[in-house]
Amino acid sequence: NEKYKSQVQELTSYFNNAKVHNASANPGLNLPLEALKGVFDGRQTLYIHVDDEKGIVDAVNFKKQHNISKIVLVGAYEAYKQIELLKNEGISILLRRIHSRPNKSDEDYDLPFKLAKKLVDGGLIVALEASGDMERMNSRNLPFYAGTTVAYGLRKEQALQLITLNAAKILGIDARYGSLEMGKSATLFISQGDALDMRTNQLDHAFIDGRNISLESHQTKLWKRYSEKYKDQ
């Protein structure tokens, strides 16, 4: 990226101006600058989309430079190269789709599958994300992404946390969501088989804040229609 340096300078200027604006007694209305107010006082989290090692180090330095208490790296493909740095800074990871190819020709063919294991073993809080092309379809595959991490070393409990408790921690809502505990919201699902295995995942019920949610959709209607049709033949 030939504009990388100028883009970082632009961001730095934006944050510096926002810091001054929000510290003023009578700053006047400036919505772009006021949008960062919660980032400086710790009420909001700054999400930085970055994959390469240099960019990750720069993100950490940016955090220190502006005294930002909470940042999350999104994508973070090469975070495994800076685990100690990220752990010391208390930075969490929203890991890119693991059903993908390596970025470089000299990397292990299964590196994307092993990334979650490397980061979790390093003591980082990790959750999975599915941004990019066909996000709606890929969000349905989140349980199977988590299941793949089991095949590459994580325990099933750890893999489940990648799409439940860890995600809630990163969003700052783990006091009420993310795990089955007394006093937390009754937000859960029930599966006949292993929810992380596409061969046996079959959800029977889903609840959001205690409300029983219908699982009927266009897809389930088609399944019922054609399963009955071919059963009679």
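Summarised in this report is the structure supplied together with it.

The next thing to look at is helix H8 (residues 142-151). Listed in full, the buried residues belonging to H8 are Phe 144, Tyr 145, Ala 146, Gly 147, Thr 148 and Thr 149. Taken together, the buried residues of H8 touch helix H6 (111-121), strand S4 (126-128), helix H7 (135-140) and helix H9 (156-161). Among the residues trailing H8, Gly 153 stands out with phi positive, at a value near 120 degrees.

With that settled, consider the packing of helix H1 (residues 4-23) against helix H4 (residues 53-65). Here H1 crosses H4 at 20 degrees, and the two axes come no closer than 12 Å. Judged by the angle between their axes, H1 and H4 are roughly parallel. The interaxial crossing formed by H1 with H4 has right-handed handedness. Mapping the contact onto sequence places Tyr 4, Leu 11, Thr 12, Phe 15 and Lys 19 in H1 and Lys 54, Gly 55, Asp 58, Phe 62 and Gln 65 in H4. In terms of residue class, the contact of H1 with H4 is made up of four nonpolar, three polar and three charged.

This part takes up unusual backbone geometry. A positive phi angle is found at Met 134, which is not glycine, with a value near 50 degrees. A residue is classified by how much of its surface remains accessible, and Met 134, at 57% relative accessible area, is exposed. Even without being glycine, Asp 209 reaches a positive phi, approximately 50 degrees. You can see Asp 209 is positioned in the loop between strand S6 (203-208) and strand S7 (211-213). Residue classification places Asp 209 among the partly exposed residues on the basis of a relative accessible area of 37%.

For the rest of this paragraph, the subject is the pairing of S6. Looking down a regular strand, the side chains alternate between one sheet face and the other. Pairing of strand S5 (residues 188-191) with S6 involves four bridges; the strand directions are antiparallel. Each bridged residue has a counterpart across the sheet, and for Ser 191 the counterpart in S6 is Leu 203. Strand direction decides the pairing type here: S6 and S7, joined by three bridges, are antiparallel. The partner of Ile 208 across the bridge, within S7, is Arg 211. The hairpin turn running from S6 into S7, its antiparallel successor, is two residues long, and Asp 209 in that turn takes a positive phi close to 50 degrees.

The subject of this paragraph is the pattern of salt bridges. Inspection of the entire model under this criterion finds 13 salt bridges. Residue Lys 63 is joined to Glu 89 by a salt bridge in which the shortest nitrogen-to-oxygen separation is 3.2 Å. With Lys 63 in helix H4 and Glu 89 in the loop between helix H5 (83-88) and strand S3 (92-95), this residue pair connects regions lying 26 residues apart in the sequence. Note that Lys 224 and Glu 216 form a salt bridge whose closest N and O atoms lie 2.7 Å from each other. On the basis of relative accessible area, Glu 216 is assigned to the partly exposed category, the value being 42%.

Now for the layout of surface pockets. Within this model, the largest pocket holds a volume of roughly 1700 Å³. Along the walls of the largest pocket sit 49 residues, with Pro 143, Leu 188, Phe 189, Leu 203 and Ala 206 positioned nearest its centre. For the lining of the largest pocket, the elements supplying multiple residues, two or more each, are H7, H8, H9, helix H10 (165-171), S5, S6 and helix H11 (218-231). Each pocket or cavity is described by its volume, and for the second largest pocket that value is around 420 Å³. Tyr 4, Val 8, Leu 11, Ile 48 and Asp 58 are, among the 20 residues lining the second largest pocket, the residues nearest its centre. Put simply, the parts of the chain that give the lining of the second largest pocket at least two residues each are H1, strand S1 (46-50) and H4. No other element matches the seven residues that H4 contributes to the lining of the second largest pocket. Split by residue class, the lining of the second largest pocket holds ten nonpolar, seven polar and three charged.

Reading guide: rules and limits
- Residues numbered from 1 in each chain as written.
- Predicted model: local features only at pLDDT ≥ 70, side-chain atom pairs only at ≥ 80, totals over all residues.
- Heavy atoms only, no water.
- Buried < 20%, exposed > 50% of the residue type's maximum accessible area, 1.4 Å probe, protein only.
- Helix = DSSP H or I, 4+ residues; strand = E, 2+ residues; numbered from the N terminus.
- Contact = heavy atoms within 4.5 Å.
- Axes fitted to C-alpha atoms, helices over the stretch in contact; angles between N-to-C directions.
- Parallel < 35°, antiparallel > 145°, perpendicular 65-115°, else oblique.
- Left-handed = near helix turned anticlockwise from the far one by under 90°.
- Nonpolar A, V, L, I, M, F, W, Y, C, P; charged D, E, K, R; others polar.
- Pairing = 2+ DSSP bridges.
- Salt bridge = Lys/Arg side-chain N within 4 Å of Asp/Glu carboxyl O.
- 1 Å grid on protein atoms, 1.4 Å probe; cavity = no way out; pocket = protein on both sides within 12 Å on 5 of 7 lines; lining within 4 Å.
- Points joined across faces, edges and corners; volume = space filled by probe spheres on them.

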